[in-house]
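Given next are the chains, with one letter for each unit.
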Amino acid sequence: MTPETELVLGAVQIGLDYGATNTHGRPDDAAANAILDAALAEGIATIDTARAYGESEVRIGRFLSARPKADLRIVTKIAPDLGDDPVEATRASLETSREALGRERLDAVLFHRPAHLTTGGGAALDALTDEREAGRVGRIGVSLSEPEELEAALAFSAVGQVQFPFNALDGRFEGERTQAAIAARPDVVFHLRSAFLQGVLLAPDPRILTRIFGAEAGDVAAFIDGLPGGETTAGRLRALLAYACAQPWIDGVVTGAATAAEISEIAAAWRDAPAIADDVAAYVAAYRPNLPPETLNPANWSQS
């Protein structure tokens, strides 16, 4: 982890009942404010949200309006359905986000789907680029899920920020070609999500592991338990963040939380993680199970 690498609050759980292991559901207004207050108290300076995250943007906007001195950077994402008029949909999504968040300028705006970089022959991207040139948007980019999508996105010079899943169980983005594409764009901000794989890697419930990984569930459980410090949930938290810390090319790690207490636990583990980064990286290189790529994408998981 470089000194510039930051812990980012993922705000999907502020607006939706989200996560394979989330037993709290969507927080009420008081609980949502407590999460955001805890993030501020822990020195977190960036929040990641989206039009598609239910009440997330509105709640963040209300929180910030009551705390005008709070210095928070906002990353949000364009609505995932651009319909028949992608330019108008992009502009409308931006205007709705600005109104909800109470911000005239959005620090970073990402497309929620990588296909939108080329929608309308690139018209949606042009519309977002125009907003950046007008000073109403900082960095523009895309949220994506596959290495091939990352490599394609980095071919667009307008892309200045990307977000994608990365964790100790998932080595898809560590391939030589993908890493070469990342190295060729030092101007791009790389934010990683899914460090805990929706919490599945923190408290490995055998029923959830079996549903997701099938015959490989036992290998996954053994891998998680064997992480340095992996015999406890706190140890797993620290080890999984340490693996992200071991990657010198990352700029931020996006993690969600269902309660204020979880934010404090994550922040404490983040501070401790660099000390064991080398040990965790060596363990992952030696013992990570070889899983089918489709099982690593939550979009493919059965909800039954």
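Residues numbered from 1 in each chain as written. Predicted model: local features only at pLDDT ≥ 70, side-chain atom pairs only at ≥ 80, totals over all residues. Heavy atoms only, no water.

**Q** Even after reading the chapter, I still don't get a negative patch on the surface, so can you show me in this structure?
**A** A contiguous patch of negative charge, built from Asp81, Asp84, Asp85 and Glu88, is present on the exposed surface. Relative to the elements of secondary structure, Glu88 occurs in helix α4 (residues 86–101). A residue is classified by how much of its surface remains accessible, and Glu88, at 44% relative accessible area, is partly exposed. (Patch = residues over 30% accessible without salt bridge, like charges linked within 9 Å, V, L, I, M, F, W, Y side chains within 5 Å. Areas by Shrake-Rupley, 256 points an atom, 1.4 Å probe, with all protein chains shown as cover. Salt bridge = Lys/Arg side-chain N within 4 Å of Asp/Glu carboxyl O. Lys, Arg positive; Asp, Glu negative; His and termini not counted. Charge placed at Lys NZ, Arg CZ, Asp CG, Glu CD. Helix = DSSP H or I, 4+ residues; strand = E, 2+ residues; numbered from the N terminus. Buried < 20%, exposed > 50% of the residue type's maximum accessible area, 1.4 Å probe, protein only.)

**Q** Help me understand the environment of Leu117 in this model?
**A** For Leu117, the position within the fold is in the loop between β4 (106–111) and α5 (123–133). Given the relative accessible area of 4%, Leu117 is considered buried. Along the primary structure Leu117 and Ala153 are separated by 36 residues, whereas in three dimensions their C-alpha atoms are 7.7 Å apart.

**Q** Mind showing me how you'd approach the pattern of salt bridges here?
**A** Opposite charge on two side chains allows them to pair when their charged atoms are near. Evaluated as defined, the whole model comprises 17 salt bridges. For Arg103, the salt bridge identified is with Asp107, shortest N-O distance 3.5 Å. For the salt bridge of Asp205 with Arg207, the shortest nitrogen-to-oxygen distance reads 2.7 Å. One network of salt bridges, with partners in common, ties together Glu95, Arg98, Glu131 and Arg136.

**Q** Just to check I follow, could you spell out helix α3 (residues 56–65) for this structure?
**A** One full turn of an α-helix is made of 3.6 residues, so residues set three or four places apart face in the same direction. With seven of its ten residues buried, α3 lies for the most part within the structure. The set of residues buried in α3 consists of Ser56, Glu57, Arg59, Ile60, Gly61, Phe63 and Leu64. Of the surrounding elements, those touching the buried residues of α3 are α1 (12–15), α2 (29–41), β2 (46–48), β3 (73–77) and α4. (Contact = heavy atoms within 4.5 Å.)

**Q** For this particular structure, what's the right way to read the environment of Leu209?
**A** Looking at the element boundaries, Leu209 is found in helix α8 (residues 206–213). Look at Leu209 and you get buried, because its relative accessible area is 2%. Once the C-alpha coordinates of Leu209 and Val220 are considered, the two residues, eleven residues apart in sequence, prove to be 7.7 Å apart. In contact with Leu209, not counting residues within four places along its chain, are Val200, Pro204, Gly214, Ala217, Val220 and Ala221.

**Q** Even after reading the chapter, I still don't get the pairing of strand β6 (residues 161–165), so can you show me in this structure?
**A** For a regular strand, side chains alternate in direction, first toward one face of the sheet and then toward the other. β6 sits mainly inside the fold: five of its five residues count as buried. By the alternation rule, side chains of β6 split into Gln161, Gln163 and Pro165 and Val162 and Phe164, which are all buried. Sheet topology places strand β5 (residues 137–143) next to β6; three bridges connect them, and they run parallel. In the strand pairing of β6, Gly141 is matched with Gln161. Across five bridges, β6 lies against strand β7 (residues 189–193) in parallel orientation. Residue Phe164 lies in a different strand from β7, and its bridge partner there is Leu192. Assessed by its sense of winding, the connection that carries the chain from β6 through helix α7 (residues 176–183) to β7 is right-handed. (Pairing = 2+ DSSP bridges. Right-handed = clockwise from strand over helix to strand, strands pointing away.)

**Q** Looking at this structure, I do not really get the nonpolar core. What am I missing?
**A** Grouped burial of nonpolar side chains is what soluble globular proteins tend to show. Residues Leu9, Leu150, Phe164, Leu169, Phe213 and Leu241 are the most contacted members of the largest nonpolar core, which totals 89 residues. Leave out the neighbours within four places in its chain, and Phe164 touches Leu144, Leu150, Phe173, Ile182, Phe190, His191, Leu192, Arg193 and Trp249. (Core = buried A, V, L, I, M, F, W, Y, C linked by side-chain atoms within 4.5 Å.)

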